[in-house]
Amino acid sequence: DFAQVPLHMTTFNIETGQLYTAKFANPTCRMVFCADWAPIRAYTDLLSNHPGSAYCSDILRELAQVDFRIVNVEAVLHENPKSLCPQTKEGPNLVGPASAVDDLVAVGFNVALLANNHIYDYGLEGLESTRSIVEAVGLRSCGTGKNQENAYDGLVLKQGGIEIALINFQEGEEGPHTERAPEVAGWDLQRVCASIRHHVGAGRTVIALPHADREFLPFPAPFAQRAYRSLVDAGAALVIAHHPHVPRGVELYQGVPIFYSQGNFLFNSSPDLFVNLATWCE
């Protein structure tokens, strides 16, 4: 919840299952940030043929009560996925049918984060297809652009007399093809911090949304902690990361919350991909 420029939040305790919400008499803006969503594997037919059916009523009720619903769209969307040519990369190439966008509409999402390590899995055609599909149904996109100059611009949301700038960028861990894509905001912290300072200078509250770090580990890598702290130093009022597919802790750095990973929102990961921490530490 944004009561004024200082932000206030709803948080979830994963150990107790309790939801903690800061209550305000007249909140200016309410936002929900959801992590990785992809219409792949077991979810392909479900999301396309039964939009909105994958979510419990409690989630839908919470989402219905806010002004902005933001989600990371972690797969290419295309009318004919089999016609696309995949890029060479280390990890999997993810693509889902264009009809899956109906699920985002059913839930009520209004912002799609696109800067992630899968948005360029099928090159520029896949990126432009995904962006046009989500925007055609009324969602605004963030994290990509027509060129390198505006990929880092961010998205400005206006509500209740305040402006909130979302800045979404990605590391491209699994494939250098994403790092080289000029249409995607990548791991260029100098550009990202410059964008943050620009929006702060314009009187906006900035929320940084990196898609980065190592997958399936329950704690952040040192490089990610340093990077996310630098976003706060540049003026970000909140940092919310995704990509690791597992929830991590929250750090208060100079009074600013850094969420090191939200885990998944709706993403079908194979159980054997998760790291056995005890074995890994040996």
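Everything below is about the structure shown above.
This report concerns the structure included in the present document. (Residues numbered from 1 in each chain as written. Predicted model: local features only at pLDDT ≥ 70, side-chain atom pairs only at ≥ 80, totals over all residues. Heavy atoms only, no water.)

Considerations on the overall build of the chain
Part 1 of the reasoning: Scanning the chain from N- to C-terminus turns up nine helices and 15 strands.
Part 2 of the reasoning: Here the chain holds 282 residues, and 50% of them are scored as buried.
Part 3 of the reasoning: In the chain, the proportion of contacts linking residues at least 24 apart, taken out of those at least 6 apart, comes to 72%.
Part 4 of the reasoning: For the chain, the exposed surface amounts to about 12700 Å²; the carbon and sulfur share of it is 50%. (Helix = DSSP H or I, 4+ residues; strand = E, 2+ residues; numbered from the N terminus. Buried < 20%, exposed > 50% of the residue type's maximum accessible area, 1.4 Å probe, protein only. Contact = heavy atoms within 4.5 Å. Areas by Shrake-Rupley, 256 points an atom, 1.4 Å probe, with all protein chains shown as cover.)

Structural notes on the packing of aromatic side chains
Part 1 of the reasoning: Tallying each qualifying case throughout the model produces five aromatic pairs.
Part 2 of the reasoning: Look at Phe109 and Phe265: their rings are 5.8 Å apart centre to centre, the planes differ by 90 degrees, and that puts the pair in the edge-to-face class. Residue Phe109 is found in the loop between helix 3 (101-107) and strand 7 (111-113), and its partner Phe265 is found in strand 15 (residues 264-266); the two are separated by 156 residues along the sequence.
Part 3 of the reasoning: The class of Phe109 is buried, set by a relative accessible area of 5%. (Phe/Tyr/Trp six-rings, centres within 6.5 Å; stacked < 30°, edge-to-face > 60°.)

What to know about the pairing of strand 10 (residues 162-170)
Part 1 of the reasoning: For strand 10, a buried count of eight out of nine residues is recorded, marking the element as mostly surrounded by other parts of the structure.
Part 2 of the reasoning: The pairing of strand 9 (residues 155-159) with strand 10 spans five bridges and is antiparallel. Within strand 10, the position partnered with Leu157 by the bridge is Ile164.
Part 3 of the reasoning: The loop that links strand 9 with its antiparallel partner strand 10 comprises two residues; one of these, Gly160, has a positive phi angle of about 60 degrees. (Pairing = 2+ DSSP bridges.)

Thoughts on the environment of Ala227
Part 1 of the reasoning: Tracing the backbone through its elements, the reader meets Ala227 in helix 8 (residues 222-234).
Part 2 of the reasoning: In this structure, the C-alpha to C-alpha distance between Ala227 and Leu189, residues 38 residues apart in sequence, is 7.4 Å.
Part 3 of the reasoning: Each residue touching Ala227, except ones within four places of it in the same chain, is listed here: Trp187 and Leu189.

A look at the side chain of Ser141
Part 1 of the reasoning: Assignment of secondary structure puts Ser141 in strand 8 (residues 140-142).
Part 2 of the reasoning: By relative accessible area, Ser141 is classed as buried at 15%.
Part 3 of the reasoning: Separated by 2.6 Å, the side chains of Ser141 and Glu135 make a polar contact. (Polar contact = N/O pair within 3.5 Å; in protein donor to acceptor, adjacent residues only side chain to side chain.)

Re unusual backbone geometry
Part 1 of the reasoning: Of note, the phi angle at Arg41 is positive, near 50 degrees, even though the residue is not glycine.
Part 2 of the reasoning: Counting through the fold element by element, Arg41 comes out in the loop between strand 3 (31-37) and helix 1 (44-49).
Part 3 of the reasoning: Here the phi dihedral of Phe216 falls at roughly 70 degrees; this positive angle occurs in a residue that is not glycine.
Part 4 of the reasoning: Turning to its location among the elements, Phe216 is positioned in the loop between strand 11 (205-211) and helix 8.
Part 5 of the reasoning: On the accessibility criterion, Phe216 (10% relative accessible area) is buried.

Considering the sheet that holds strand 3
Part 1 of the reasoning: In spatial order, the strands read 8-7-4-3-15; together these five strands make up an open sheet with parallel pairing. Whereas interior strands pair on both sides, the edge strands pair on one side only; in this sheet they are strand 8 and strand 15. Neighbour-to-neighbour, the strand axes of the sheet open up by a mean angle of 40 degrees, direction not taken into account.
Part 2 of the reasoning: Pairing between strand 7 and strand 8: three bridges, direction parallel. Across the sheet, residue Val111 finds its bridge partner in strand 8, namely Arg140. (Axes fitted to C-alpha atoms, helices over the stretch in contact; angles between N-to-C directions.)

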